[in-house]
Amino acid sequence: MPILVTYASKHGSTQDIAERIAATLHRHGREVIVQPVHAVENPVAYEAVILGSAIYFGSWLKEATEFVRRHCDELAARPVWLFSSGPLGDTPSVDPKEIAEFQAAIHPRGHRTFVGSLDRHDLSFTERMIVKAVKAPDGDFRDWDDINTWAESIAQALMPAGTPPISTHDTPPAVSHPLQP
Ligand SMILES: Cc1cc2nc3c(=O)[nH]c(=O)nc-3n(C[C@H](O)[C@H](O)[C@H](O)COP(=O)(O)O)c2cc1C
């Protein structure tokens, strides 16, 4: 069965992270489907699920939170890893407020928060006012080595017992996106 990498992203940077995770798993021989969370009907068709969301105002995006609550039983029955993307620059990372609930409900194998990206030009007027008020730094802070290493640890965890450890990461190939022609 394939692995599902699914995400909720408002401005695209969490989507990029999901696609990188998918590409890394694919490079390690796994069949991977990457889809926005609103396009996933049911996680039951997947061996494992990697689910991530951008953080806004201390929370996951609503569609990702609703996905977990709607598919709580199916997620609890398979290996799941969660990731969040948000903190900018040196801003300390704080777990989104739903993570404790998700840990109790679906027992994910792990949760990671990755540093995010912010381009003022992509934001709505209200968002621009908010990031100005909190002096959030502009820029792409995503740490691709960190993301690759995390994805490789998942690839390793999903391999049969006794498989030799994964040692290096090269530039991963593209993964086909089911929503694209
Ligand atoms: C209005 C606004 C609120 C945000 N609130 C948070 C927050 O509470 N915690 C956090 O870590 N990052 C916060 N961020 C940063 C975003 O999570 C970050 O830019 C992320 O990479 C955006 O992901 P996306 O491009 O997938 O939407 C906020 C950004 C904006 C524009």
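Quick note: structure is the one above.
Here the structure is a predicted model, which is why all the values come from computation and not from measurement.

A. Examining the pattern of salt bridges more closely. Enumeration according to the criterion identifies nine salt bridges in this entry. Across the pair Arg142 and Asp16 runs a salt bridge whose closest N-O atoms are separated by 2.8 Å. Note that Arg142 is positioned in the loop between strand E8 (139–140) and helix H6 (144–157) and Asp16 in helix H1 (residues 13–27), a separation of 126 residues in sequence. In this structure Arg142 comes out as buried when scored by relative accessible area, which is 13%. Each of the salt bridges in this network shares a partner with another, and the network as a whole consists of Asp16, Asp140 and Arg142.

B. Broad picture of the site of the ligand. With respect to spatial proximity, 21 residues lie near the ligand, and among them Ser9, Thr14, Ile55, Tyr56 and Ser117 are the closest. Within the backbone of His11, a nitrogen or oxygen atom sits 2.9 Å from an oxygen atom of the ligand. With respect to the ligand, the side chain of Tyr56 contributes an N or O atom lying 2.6 Å from an oxygen atom. Out of a free accessible area of 650 Å², the ligand has 88% covered by protein chains. Its atoms largely coinciding with the cavity grid, the ligand occupies the largest pocket. Of all elements in the fold, only H1, strand E3 (48–56), strand E7 (117–118) and helix H5 (125–133) reach the threshold of two or more residues within the shell around the ligand.

C. How the structure looks around the packing of aromatic side chains. Per the stated rule, a full pass over the model turns up four aromatic pairs. An angle of 70° between the planes, with centres 6.1 Å apart, marks the rings of Phe83 and Trp150 as edge-to-face. With Phe83 in strand E5 (residues 80–85) and Trp150 in helix H6, the pair connects residues that are 67 residues apart, well separated along the chain. Pair check on accessibility: Phe83 and Trp150 agree, each one buried. Each member of the aromatic cluster is reached from another via a ring pair, and the members are Phe83, Phe114 and Trp150. The cationic tip of Lys10 hangs over the ring face of Tyr56; the distance from NZ or CZ to the ring centre is 4.9 Å.

D. Spotlight on the packing of H1 against H6. Between H1 and H6, whose axes approach to 9 Å, the crossing angle comes to 45°. Taken as axis vectors, H1 and H6 run oblique relative to one another. Here the hand of the crossing between H1 and H6 comes out right-handed. Together, Asp16, Ile17, Arg20, Ile21, Thr24, Leu25 and Arg27 of H1 and Trp144, Ile147, Asn148, Trp150, Ala151, Glu152, Ile154 and Ala155 of H6 make up the contact between the two elements. Looking at the contact of H1 with H6 residue by residue, the class counts come to nine nonpolar, two polar and four charged.

E. Region of the structure containing unusual backbone geometry. Not every positive phi belongs to a glycine, and Phe57 is a case in point at roughly 55°. Classification of Phe57 by relative accessible area gives exposed; the value is 63%. Phi at His107 takes a positive value of approximately 50°, unusual for a residue other than glycine. Tracing the sequence through the fold places His107 in the loop between helix H4 (99–106) and strand E6 (110–114).

F. Geometry of the nonpolar core. The biggest cluster of nonpolar side chains holds 21 residues, and the ones touching the most others in it are Val5, Ile21, Leu25, Ile50, Phe83 and Trp150. Those elements that place two or more of their residues in this core are strand E1 (3–8), H1, strand E2 (32–36), E3, E5 and H6. In this view, Trp150 contacts Ile21, Ile50, Trp81, Leu82, Phe83, Arg112 and Phe114; residues no more than four positions away in its chain are not counted. Ranked by size, the runner-up nonpolar core spans 19 residues in total, among them Val49, Ala54, Phe102 and Ile106.

Calculation notes
Residues numbered from 1 in each chain as written. Predicted model: local features only at pLDDT ≥ 70, side-chain atom pairs only at ≥ 80, totals over all residues. Heavy atoms only, no water. Salt bridge = Lys/Arg side-chain N within 4 Å of Asp/Glu carboxyl O. Helix = DSSP H or I, 4+ residues; strand = E, 2+ residues; numbered from the N terminus. Buried < 20%, exposed > 50% of the residue type's maximum accessible area, 1.4 Å probe, protein only. Near = heavy atom within 4 Å. Polar contact = N/O pair within 3.5 Å; in protein donor to acceptor, adjacent residues only side chain to side chain. Areas by Shrake-Rupley, 256 points an atom, 1.4 Å probe, with all protein chains shown as cover. 1 Å grid on protein atoms, 1.4 Å probe; cavity = no way out; pocket = protein on both sides within 12 Å on 5 of 7 lines; lining within 4 Å. Sits in = over half its atoms within 2 Å of the grid points. Phe/Tyr/Trp six-rings, centres within 6.5 Å; stacked < 30°, edge-to-face > 60°. Lys NZ or Arg CZ within 6 Å of the ring centre and 35° of its normal. Axes fitted to C-alpha atoms, helices over the stretch in contact; angles between N-to-C directions. Parallel < 35°, antiparallel > 145°, perpendicular 65-115°, else oblique. Left-handed = near helix turned anticlockwise from the far one by under 90°. Contact = heavy atoms within 4.5 Å. Nonpolar A, V, L, I, M, F, W, Y, C, P; charged D, E, K, R; others polar. Core = buried A, V, L, I, M, F, W, Y, C linked by side-chain atoms within 4.5 Å.

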